[in-house]
Amino acid sequence: MSVLVYVEQVDGKFKKSVFEAVSYAKAIADIQGSSLTAISIGNVGENELKELGKYGASKVLNVASDQLKNFVNQAYASVIAEAAKKENADVIVLSNSFSGKGLGPRVAVKLEAGLVDGAVELPKLDGGKFSVKKNAFSGKAFAITELTSAIKVIALNPNAFGVKESAVDTSIETFTPEVKATDLAAIVKEIVRATDKVSLPDAELVVSAGRGLKGPENWGMIEELAGLLGAATACSKPVSDADWRPHSEHVGQTGIAISPNLYIAIGISGAIQHLAGVSSSKVIVVINKDPEAPFFKVADYGIVGDAFEVVPQLIEALKAHKG
Amino acid sequence: MKILVCISNVPDTTTKITFTNDNTQFNTSGVQFIVNPYDEIALSRAIELCEGGKGTVTVINVGESTTDPTIRKALAIGADDAVRINAAPRDAYFTAYQIAEYAKTTDFDMILCGRESIDYNGSQVAAMVGEFLDIPSISIIKKLDYDGTTATIEREIEGGKEVVSVTGKFVASCAEGTAVATIPNMRGIMSARSKPLQVVEAKEIAQMSQVTKFETPAPRGAVKLIPAESAAELIGLLHTEAKVI
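Residues numbered from 1 in each chain as written. Chains lettered and ligands numbered in written order. Predicted model: local features only at pLDDT ≥ 70, side-chain atom pairs only at ≥ 80, totals over all residues.

### So, the sheet that holds strand 17 (residues 283-288) of chain A
- The strand order across the open sheet formed by 6 strands is 15(A)-14(A)-16(A)-17(A)-18(A)-15(B), and the pairing between neighbours is parallel. Each end of this open sheet is capped by a strand with a single partner; those strands are strand 15 (232-235) of chain A together with strand 15 (224-225) of chain B.
- This element, helix 5 (residues 220-229) of chain A, spans strand 14 (205-209), strand 15 and strand 16 (262-266) of chain A of the sheet and lies at about 175° to strand 14 of chain A. (Pairing = 2+ DSSP bridges. Helix = DSSP H or I, 4+ residues; strand = E, 2+ residues; numbered from the N terminus. Contact = placed C-beta atoms within 7 Å. Axes fitted to C-alpha atoms, helices over the stretch in contact; angles between N-to-C directions.)

### Focus on the sheet that holds strand 13 (residues 187-193) of chain A
- In spatial order, the strands read 13(A)-11(B)-10(B)-9(B)-12(B)-8(B)-1(B)-6(B)-7(B)-13(B); together these 10 strands make up an open sheet with mixed pairing. Of all the strands in the sheet, just strand 13 of chain A together with strand 13 (197-201) of chain B have a single pairing partner and so form its edges. Direction aside, the axes of adjacent strands within the sheet are offset by 30° on average.
- Sheet topology note: the strand 10 (residues 150-157) of chain B/strand 11 (residues 160-167) of chain B ladder contains 8 bridges and is antiparallel. Bridge pairing in strand 11 of chain B links Ile 157 of chain B to Gly 160 of chain B.
- In the packing of helix 4 (residues 98-110) of chain A onto the sheet, the strands contacted are strand 9 (137-146) and strand 10 of chain B, and the crossing angle to strand 9 of chain B comes to about 110°.

### A few points about unusual backbone geometry
All names here are of chain A.
- Phi at Asn 88 is positive, roughly 55°, even though this residue is not glycine.
- Residue classification places Asn 88 among the exposed residues on the basis of 11 C-beta atoms within 10 Å.
- In this model, Ser 138 sits at a positive phi of 50°, which is unusual for a non-glycine residue.
- You can see Ser 138 is positioned in the loop between strand 9 (129-136) and strand 10 (141-147). (Buried ≥ 20, exposed ≤ 12 C-beta atoms within 10 Å, placed from the backbone.)

### Points about the interface of chain A and chain B
- Counting residues at the interface gives 82 residues for chain A and 65 residues for chain B.
- Element by element, the count of residues in the side of chain A that touches chain B is highest for helix 4 of chain A, at 9 residues.
- The residue makeup of the side of chain A that touches chain B, split by class, is 39 nonpolar, 28 polar and 15 charged.
- The sheet contact formed by strand 18 (residues 301-304) of chain A and strand 15 of chain B spans 2 bridges and is parallel. When the bridges of strand 15 of chain B are listed, Gly 302 of chain A appears paired with Leu 225 of chain B. (Nonpolar A, V, L, I, M, F, W, Y, C, P; charged D, E, K, R; others polar.)

Quick look at the structure:
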């Protein structure tokens, strides 16, 4: 019995969401009284791999192969399933990231395992039952899901558990599983990644704006505010539908669901579909000139006022705050 | 060309979510069910790719006869025919297995799904179908072009996109951007009634998971209003009181 965590690398580095997944997996190993092994695929340096020990991984399986330098879920799933067998793992943890969503289900089928994606809490082990709480109905509810299979796969939502240090000695072991040619049928042609912006799905702070901004030309102050906070930018559905902002920024029921520590909604009335995607944010700030906007009902802080007057004040205050 | 599109029967996006039987069951009373919005995007792209006699679109749903109206809606949008695997979907593993087993009996070029279902917010079925069939699966795609043999796909990644090329059969789960969901017209609605809907019995497979209880989020406390003229105070409150910046 052991826990295996997949650590997704981007350009040879681990992001915060990876350390969060390792922290979560370590907590499960502690509940079980077992040990935690991490599996890294792609070219990651030894120092970066050693970092995983800080969060509780006592062993790291390092699959450094040129063939596997790009993420192809079919091949990566084969490698992770092999690692799970080798480590006799009965719980496999990964981040519920874009890549994780394509990977977890394949790993689950390979291991004849049940999968909970979008987990928000540690599993509860109660009378032989293994249950995990997950988001459901787009943030309007949680579903307690019991995994009845022998092996369990859990995809953890970003910002749900937090990074927790639990330093252990770490050994790094080279792992060279065989990869079938058919597992590499999907070919990665190009990766385009904006490195100067905070990525929305795992952002801790998010500044979002809606139709109240009147037009795409007015997003300068939103980006300035987000920049000062180190926040990601987001938008409502009408805004992305009108092509004022890219679809990748649309949060809500049919966009992406996020749960940052702080969500600032500017000029968004708060339709039920929008609230569904953001209601699990820890702190919500609403700025709207309509005091009747439904968003105020779920807000922690509210300012009834014109965005074009309020946001510049916030920018000035933030500059002063940062000194 | 033949495209299979998986559709899920979900509560309308404006539904007030409540539960019955000591919070163990979703309360379907008075709830309007719809085609999962992301599946509509997948369906719309499939119809576009098959336009001009280039192919046919089959929608596939795992559900009991109560989902037939939702299947008819998909036919009204423009699918050519439909298959319903006759079983209440137990979990994603079960659903994906049924779809894969059906796919094995038919010749198809691609299987499209939505990025997730808006009820259980699972993003599992597409990749599981890919694994059951041992073919590539690309999750959360934003663009799909197909030249008859090779698909060029853009998928979402944190902070950007990745372009993937696949030759041969594949599965993809579609997000916004892949297509604009088509609204059925009167002709579509009329013709949907007479389009074929085949019912296939489900195959047995072990259950991997089950929802045992639902919870609703704790209500938030009352909003703290800050006068617009002293908006700057918000920054201090976020720092000292909420401790998020």
